[in-house]
Amino acid sequence: AAGVIQSPRHLIKEKRETATLKCYPIPRHDTVYWYQQGPGQDPQFLISFYEKMQSDKGSIPDRFSAQQFSDYHSELNMSSLELGDSALYFCASSLGVYKNSYEQYFGPGTRLTVT
Amino acid sequence: ELKVEQNPLFLSMQEGKNYTIYCNYSTTSDRLYWYRQDPGKSLESLFVLLSNGAVKQEGRLMASLDTKARLSTLHITAAVHDLSATYFCAVDNGNKLVFGAGTILRVKS
């Protein structure tokens, strides 16, 4: 079965650079979620999109922005990177709450290292 | 604000023993999830618990949900080395997940 695809899988950037993470949800899934997991931490919700509209926002820094495109893939844009942004970034997708399907399926993650 | 507490945070077990991980949460929710994570890997869904009294079992793992007590348990029966991983519970909070801190499980031979 198709899973959530994230690219790149690994990314190394320097401080103050920008990064773009991409997420391709499971086919027919219309809701995308982004989570950040720091070393030894639990995943923290950043932002979510339903049908290309932002549906919820968590602890996402102002330096980060995200969007969902017409093909339902999503991109997380991160600017002015800081050392503390080094983390695993997960994307998850679901069929959407309005379809009574709640389970989120997680992608493999992108490991971002800021040096 | 929803808070999710897991305990213990670290669990060292002998093979063949039983143990339980607890997950308490602070506000009402009818959906709770258990995930397994191996180091540097993604989150693997173990159980989805959608109603009060729900009990699910898969192999040596069994999860239950008591929404009135706001408590879920993950019971490990006759642990084997392959179960060594970090286990997270996550509570649905308006369709975003709030995770517990995770329980690092080490099963020793």
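Preceding this paragraph is the structure being described.
Description of the structure in this document. (Residues numbered from 1 in each chain as written. Chains lettered and ligands numbered in written order. Predicted model: local features only at pLDDT ≥ 70, side-chain atom pairs only at ≥ 80, totals over all residues. Heavy atoms only, no water.)

This brings us to the side chain of Asp92 of chain B. Tracing the backbone through its elements, the reader meets Asp92 of chain B in strand E9 (residues 85-93). On the accessibility criterion, Asp92 of chain B (5% relative accessible area) is buried. Only 3.5 Å separates the side chain of Asp92 of chain B from the backbone nitrogen of Gly94 of chain B, close enough to count as a polar contact. Ignoring anything within four residues of it in the chain, the contact list for Asp92 of chain B reads Tyr102 of chain A together with Ser29, Arg31, Tyr33 and Leu97 of chain B. (Helix = DSSP H or I, 4+ residues; strand = E, 2+ residues; numbered from the N terminus. Buried < 20%, exposed > 50% of the residue type's maximum accessible area, 1.4 Å probe, protein only. Polar contact = N/O pair within 3.5 Å; in protein donor to acceptor, adjacent residues only side chain to side chain. Contact = heavy atoms within 4.5 Å.)

All names here are of chain B. Strands sit in the order E1-E3-E8-E7-E6 across an open sheet of five strands; the sheet is antiparallel. Two strands bound the open sheet, and with one partner strand each, they are strand E1 (4-7) and strand E6 (55-58). When the angles between neighbouring strand axes are averaged without regard to direction, this sheet yields 15°. The pairing of E6 with strand E7 (residues 61-66) spans four bridges and is antiparallel. Counterpart to Glu58 in the pairing with E7 is Leu61. (Pairing = 2+ DSSP bridges. Axes fitted to C-alpha atoms, helices over the stretch in contact; angles between N-to-C directions.)

The subject of this paragraph is the state of the cysteines. Put plainly, two cysteines are in a disulfide when a covalent bond ties their sulfur atoms together. Per the stated rule, a full pass over the model turns up two disulfides over all chains. There is a disulfide in this structure between Cys23 of chain A and Cys91 of chain A, and the S-S distance comes to 1.7 Å. Here the S-S torsion is close to -55°, and the disulfide linking Cys23 of chain A with Cys91 of chain A is therefore left-handed. Of the two residues, Cys23 of chain A is situated in strand E3 (residues 19-24) and Cys91 of chain A in strand E9 (residues 87-94); the sequence distance between them amounts to 68 residues. The same class applies to Cys23 of chain A as to Cys91 of chain A, namely buried. Residue Cys23 of chain B pairs covalently with Cys89 of chain B via a disulfide, S to S 2.1 Å. Disulfide Cys23 of chain B-Cys89 of chain B: torsion about the S-S bond near 80°, hence right-handed. Within this pair, whereas Cys23 of chain B is found in strand E3 (residues 19-25), its partner Cys89 of chain B is found in strand E9, the two being separated by 66 residues in sequence. Cys89 of chain B shares its class with Cys23 of chain B; the two are buried. (Disulfide = S-S within 2.5 Å.)

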